[in-house]
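Structural overview
The primary structure of each chain is shown beneath.
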Amino acid sequence: MEQNWESLTKQFTEMIESASDLSSIESIRVELLGKKGQIASLMANMATISKEEKKNYGMAVNSLKQKTEKLLSEKIEQLKEKDMLEKIQQEKIDITLPASRVKYGTKHPLTIVREEIEDIFMKMGYSVYNGPEVELDFYNFERANIPADHPARDMQDTFYVDENRLLRTQTTAIQMRVLESQHDKLPIKVICPGKVYRNDDDDATHSHQFIQIEGLVVDENITMADLKGTLELLARSMFGKQREIRLRQSYFPFTEPSLEIDVSCHICGGKGCPTCKHTGWIEILGAGMVHPHVLEMAGIDSSKYSGFALGVGVERVAMLKYGIDDIRNFYNNNIEFLSNYKRFE
Ligand code: DAH
C-alpha cells in the first residue's frame, strides 16, 4: 500500500495547528494518537505489507508518530499558556474602581460628653478613679454622712442587693473610697466617672441607670473660690466661652455648704427661652465643700485640710448640649439617632 507520508504529515500538522482551545486539541489527539486513531490504524496496516516494504513503512509511521506527538505536546503547552493568560486577564482587579464605603461606628453621645468632661479635668491635672457598681451601703451612704435612718436616704430610691450591698446610687461612693484609700497621700485631685442606679420609673427625664462624674479635691487651703473657678471653667468648656455660672444654696449630707450650680442658658444667652424655662439659667450640677465629718471619717484632719466636691450628670449635660428632650433616646440603640453625633467627636 502506497502512503503519501508527506501529505499525511502536512494534514496532521494542519489539524493540530487549527486547534483553538484545549478541548479541541484533546479530540484531535484522540483522533490521531488514540487507540483507534489514525496512527494506530496505520500501524495495524503493517500486517498487510510486504516484507520488503515493512522496514520503510515502519520507519515512516514511527517518524510520523514522533512528529505528531511533538507537535501535539507543543500545541497543548501553547494552548495552556493562552488559557492561563485569558484567565488572568479576566480576573484582573481594576484598582482604579472606587471602593465600596466602609461604615464606621460612631461614639455614643454619652461617651463623647463623658470623655469631654474627663479631658477638661485631666488637663487641670486630675486623675481618674473607678469604683464598683455593686457597692457597699457603707461607702454609698454611711461614709457620705447618710446613716441608716437618715431622711436623705429617701432622696435616692435604691436597688438593694442584700442587707449591706446595693447598686450605687451616686459616684459619691467612689469619692468616699478615694478619701479612705488616699487619706495619707494628700493632696487628692480626682474625678470618678461611672454608672449609677436609682429605683425610679423611666420617663423622658428619669432613667433607672445613668452616668455621673464625681470631682474631688482635698488639700490645705482649698476654698469655695477654687470650686467656683473650677465650675466656671467646666461650664465654659462645655457650653461656650460666654457662659456665666450662678451658685445657689442647696443641701447634700456630705457637703457643707452645699450648692446647686446653674449655667446661663446656652440657647438664648440668658434672655429666657423654653430650654431654660424662661429663667435664663439651667441647673447643671451639685457641688459643695466636703463636710468636715466626711473628711474625719476617712481619717483626714479637717482642721488642716479642706476640699470641694462636685457631681455632674452626663445625660443631663448631653441633653442640654445637643438639645435632646428624652433621656430614653440614649438607651434605645437607634442607629439613626446615634449616628447624628459623629460631628461632635
Ligand atoms: N451625689 C449627688 C447626687 O447624686 C451629686 C453631688 C452633689 C455630688 C454634690 C457631689 C456634691 O460630690 O458635692 O445627687
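Residues numbered from 1 in each chain as written. Predicted model: local features only at pLDDT ≥ 70, side-chain atom pairs only at ≥ 80, totals over all residues. Heavy atoms only, no water.

Around the ligand, the structure places 16 residues, and the nearest of them are Gln170, Thr172, Arg198, Gln212 and Glu214. Alanine 309 has a polar backbone atom sitting 3.1 Å from an oxygen atom of the ligand. Across the complex, the protein chains shield 91% of the 350 Å² of accessible surface that the ligand would expose by itself. Broken down by secondary-structure element, the contributors of at least two residues to the shell around the ligand are α7 (172-181), β5 (209-219), β8 (281-290) and β9 (306-313). Within the shell around the ligand, the residues separate by chemical class into 5 nonpolar, 9 polar and 2 charged. (Near = heavy atom within 4 Å. Polar contact = N/O pair within 3.5 Å; in protein donor to acceptor, adjacent residues only side chain to side chain. Areas by Shrake-Rupley, 256 points an atom, 1.4 Å probe, with all protein chains shown as cover. Helix = DSSP H or I, 4+ residues; strand = E, 2+ residues; numbered from the N terminus. Nonpolar A, V, L, I, M, F, W, Y, C, P; charged D, E, K, R; others polar.)

Here we come to helix α1 (residues 5-18). Its 14 residues give α1 an end-to-end C-alpha distance of 20 Å, which sits within 8% of 20 Å, the value for a rise of 1.5 Å per residue. Each element contacted by the buried residues of α1 is listed here: α2 (22-33), α3 (38-44) and α4 (51-91). (Expected span 1.5 Å × (residues − 1). Contact = heavy atoms within 4.5 Å.)

Attention shifts here to α7. Along α7, 7 of the 10 residues are buried, which leaves the element largely enclosed by surrounding structure. Listed as buried for α7 are Thr172, Ala173, Ile174, Gln175, Met176, Val178 and Leu179. (Buried < 20%, exposed > 50% of the residue type's maximum accessible area, 1.4 Å probe, protein only.)

Attention now goes to empty space enclosed by the protein. Counted under the stated rule, the structure contains 1 cavity of 30 Å³ or more. When its volume is computed, the largest cavity comes out at roughly 30 Å³. The wall of the largest cavity is formed by Ile117, Leu234, Met238, Phe239, Ile284, Leu285, Val312 and Val317. The set of elements that each furnish at least two residues to the lining of the largest cavity consists of α8 (224-239) and β8. At 3 residues, the largest contribution of residues to the lining of the largest cavity is made by α8. In the lining of the largest cavity, the residues fall into 8 nonpolar, no polar and no charged. (1 Å grid on protein atoms, 1.4 Å probe; cavity = no way out; pocket = protein on both sides within 12 Å on 5 of 7 lines; lining within 4 Å. Points joined across faces, edges and corners; volume = space filled by probe spheres on them.)

The residue serine 207 is located in the loop between β4 (188-197) and β5 in this model. In this structure the side chain of serine 207 is engaged in a polar contact, spanning 2.6 Å, whose partner is the backbone oxygen of glutamine 209. If sequence neighbours within four positions are ignored, serine 207 has contacts with Asp202, Ile327 and Tyr331.

This paragraph deals with the packing of α1 against α4. Between two packed helices, the angle of one axis relative to the other and the distance separating the axes together describe the packing. Across the interface, α1 lies against α4 with an axial gap of 10 Å and an inter-helix angle of 15 degrees. When the axis of α1 is compared with that of α4, the two are roughly parallel. When you trace α1 past α4, the crossing you get is right-handed. Every residue of α4 that contacts α1 at Trp5, Leu8, Thr9, Phe12, Thr13, Ile16 and Glu17 is listed here: Tyr57, Ala60, Val61, Leu64, Lys67, Thr68, Leu71, Leu72 and Lys75. Class assignment of the residues belonging to the contact of α1 with α4 gives a composition of 10 nonpolar, 3 polar and 3 charged. (Axes fitted to C-alpha atoms, helices over the stretch in contact; angles between N-to-C directions. Parallel < 35°, antiparallel > 145°, perpendicular 65-115°, else oblique. Left-handed = near helix turned anticlockwise from the far one by under 90°.)

Now for the packing of aromatic side chains. All chains considered together, the criterion is met by 8 aromatic pairs. Between phenylalanine 252 and phenylalanine 254 the ring centres are 5.8 Å apart and the planes differ by 20 degrees, which places this aromatic pair in the stacked class. Residue phenylalanine 252 shares its accessibility class with phenylalanine 254, and that shared class is buried. Their ring planes at 40 degrees and their centres at 4.9 Å tell us that tyrosine 322 and tyrosine 341 sit as a pair that is tilted. Pair noted here: tyrosine 322 is in helix α10 (residues 314-322) and tyrosine 341 is in the segment after α11 (335-338), with a separation of 19 residues, a long-range link. Residue tyrosine 322 is classed as buried on the basis of its relative accessible area, which comes to 12%. Of the residues examined, tyrosine 341 reaches a relative accessible area of 7% and is grouped as buried. Joined through ring pairs, the aromatic side chains of Tyr322, Phe330, Tyr331, Phe337 and Tyr341 make up one cluster. (Phe/Tyr/Trp six-rings, centres within 6.5 Å; stacked < 30°, edge-to-face > 60°.)

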